[in-house]
Each structure stands twice: as structure tokens, then as C-alpha cells.
Amino acid sequence: WVRSGLDTLESLKKYQKRVITLHLKDAAESGKRDSRDVPLGTGKANYAAILKQVYDWKWRGVMTVEYEHQSPQLVEEVAACVKYVEDFATKVKA
């Protein structure tokens, strides 16, 4: 949604609990289809609000992380995506 220029949280709310899978991907710029992937939480997709929303819904579905930017730091950047989700889960459990 972010690459289309849509508000990711409002788009998610539009479909509410009908969402059964989430494809997690953040982008450096909103509204630009060729915007590069960036680690979750560092781009324009507002993942803090998205994860909070699905947590509040008590959503039980499948999340996948996709990262298409080929960089010398690819492994570290993908690890940062996973860490972002894990840190969120740890924080809400506390």
C-alpha cells in the first residue's frame, strides 16, 4: 500500500479482520512504485501502528517479511526487519 501512496493503517482498517495474511515490507518513499525496501519501521509504512492494530484485534494470521533490495548489508537489513517484529512482540507482552 505504501508504494501506491495509500495510508497503510487506514487501508488495513478498511479490510479489518478479513485479513488472513500480512506481507510485511517497508519502503523509503510513499507513492513511488520504484521506492527501495528499507528495514521495517524505518520507512513510510507506519509499522508501529500496523502491528499495534493487529495486536489490538487479537489477530491470528500469518505474517511474512519480504525484502527485495539487493545490498551488501542484505543479511543485516533482513535481520533488522525480524528484530523489529520481535521487539514489538516483546514490548506488548510486558
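Residues numbered from 1 in each chain as written. Predicted model: local features only at pLDDT ≥ 70, side-chain atom pairs only at ≥ 80, totals over all residues. Heavy atoms only, no water.

A. Here's a closer look at the packing of aromatic side chains. Using the criterion set out here, one finds one aromatic pair in the structure. Between the aromatic rings of Trp1 and Tyr15, the centroid separation amounts to 6.3 Å while the plane-to-plane angle is 5°, which identifies the pairing as stacked. You can see Trp1 sitting in the segment before helix 1 (8-15) and its partner Tyr15 sitting in helix 1, a full 14 residues away along the chain. Residue Trp1 is classed as partly exposed on the basis of its relative accessible area of 43%. (Phe/Tyr/Trp six-rings, centres within 6.5 Å; stacked < 30°, edge-to-face > 60°. Helix = DSSP H or I, 4+ residues; strand = E, 2+ residues; numbered from the N terminus. Buried < 20%, exposed > 50% of the residue type's maximum accessible area, 1.4 Å probe, protein only.)

B. Inspection of the side chain of Arg3 at higher detail. Considering the arrangement of structural elements, one finds Arg3 in the segment before helix 1. Setting aside residues up to four positions removed in sequence, Arg3 forms contacts with Lys25, Asp26, Ala27, Gly31, Lys32, Arg33, Ser35, Arg36 and Asp37. (Contact = heavy atoms within 4.5 Å.)

Honestly, it's all geometry; don't read function into it.
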